[in-house]
Amino acid sequence: MNIMRRILFVTLILCVLVSCSRHEKIAFTGEAQGTYYAITYFDKEGRNFQPEIDSLLREFDQVASMWVENSMLSRVNREDSTVKAERNLYQDF
């Protein structure tokens with residue numbers, strides 16, 4: 001039984017070491033929609049997708065933010081007669 005425990009322990013340690021060495025932990029925070037967000041993920045290639053995510057969130061804010069004065073939603077709420085339904089308003093993000 002003692003040998004079985006040693007084998008299990010060594011196997012567990014090796015699994016942890018192998019899994020940690022293959023993936024890089026990526027973490028970042030930002031602001032969107034009047035609040036904060038935090039994203040954490042693991043990537044084999046160590047890629048940081050924060051610029052792409054921030055770009056999507058800025059685009060969304062321009063359409064549907066209550067905190068961006070010139071967003072489409074803010075303009076609709078002010079009954080701005082010049083607002084036209086942009087493609088982003090009804091397009092899947």
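Look above for the structure.
Along each chain, the written sequence defines residue order, and numbers are assigned to residues from 1. Two thresholds apply to this predicted model, a pLDDT of at least 70 for residue-level local features and 80 or more for giving and counting side-chain atom pairs, whereas whole-chain, interface and lining totals are computed over all residues. Derived side-chain values reflect all non-hydrogen atoms in the structure, with water molecules and hydrogen atoms excluded from consideration.

**Focus on the nonpolar core**
A general feature of soluble globular proteins is that nonpolar side chains tend to end up buried together. Grouping buried Ala, Val, Leu, Ile, Met, Phe, Trp, Tyr and Cys residues that are joined through side-chain atoms within 4.5 Å yields what is termed a nonpolar core. The classification of residues rests on relative accessible area computed with a 1.4 Å probe and restricted to protein chains. Under 20% of the type maximum is buried, over 50% is exposed, and intermediate values are partly exposed. Counting five residues, the largest nonpolar core consists of Ile26, Phe28, Ala32, Tyr37 and Tyr41. Counting from the N terminus, the helices are DSSP H or I runs at least four residues long and the strands are E runs at least two residues long. Elements supplying a minimum of two residues to this core: strand 1 (24-32) and strand 2 (35-43). In this description, contact between two residues means that some pair of their heavy atoms is separated by no more than 4.5 Å. Leaving out residues up to four positions away in the same chain, Ala32 has contacts with Tyr37, Leu57 and Asp61.

**A few points about the side chain of Ser71**
Position of Ser71 relative to the elements: it lies in the loop between helix 2 (50-64) and helix 3 (72-77). Other than its neighbours up to four places away in sequence, Ser71 contacts Asp61, Gln62, Val63 and Ser65.

**Side note on the environment of Ser65**
Here Ser65 is to be found in the loop between helix 2 and helix 3. For Ser65, a relative accessible area of 1% gives the class buried. Note: C-alpha distance between Ser65 and Gly34 (31 residues apart in sequence) is 8.3 Å. Any N or O atom pair separated by 3.5 Å or less is treated as a polar contact, with the protein-specific requirement of one donor-capable and one acceptor-capable atom, and with residues adjacent in sequence counted only for side-chain atom pairs. Separated by 3.2 Å, the side chain of Ser65 and the backbone nitrogen of Val68 make a polar contact.

**Details of the environment of Trp67**
Relative to the assigned elements, Trp67 resides in the loop between helix 2 and helix 3. Note on Trp67: relative accessible area 54%, which makes it exposed. Sequence separation of Trp67 and Ala32 is 35 residues, and the distance between their C-alpha atoms is 9.4 Å. Once residues within four sequence positions are removed from consideration, Trp67 is found in contact with Gln33 and Gly34.

**Brief notes about unusual backbone geometry**
For Gln33, which is not glycine, the phi torsion reads 55 degrees and is therefore positive. Residue position: Gln33 is located in the loop between strand 1 and strand 2. The exposure class of Gln33 is partly exposed, given its relative accessible area of 25%. Although it is not a glycine, Glu79 adopts a positive phi angle of roughly 60 degrees. The residue Glu79 is located in the loop between helix 3 and helix 4 (87-90) in this model. According to the relative accessible area criterion, Glu79 is exposed, its value standing at 70%.

**Quick word on the packing of aromatic side chains**
We call Phe, Tyr and Trp rings a pair once their centres come within 6.5 Å, taking the six-membered ring for Trp, and we label the pair stacked below 30 degrees between planes, edge-to-face above 60, and tilted otherwise. The full count for this structure, using the stated rule, is three aromatic pairs. Ring centres of Phe28 and Tyr37 lie 6.5 Å apart, and the angle between their planes is 90 degrees; this geometry places the pair in the edge-to-face category. Relative to Phe49, the ring of Tyr41 has its centre 5.9 Å away and its plane inclined at 35 degrees; by these criteria the two rings are tilted. When its relative accessible area of 17% is taken as the criterion, Tyr41 is described as buried. Overall, Phe49 belongs to the partly exposed group, its relative accessible area being 31%. Taken together, Phe28, Tyr37, Tyr41 and Phe49 form an aromatic cluster joined through their ring pairs.

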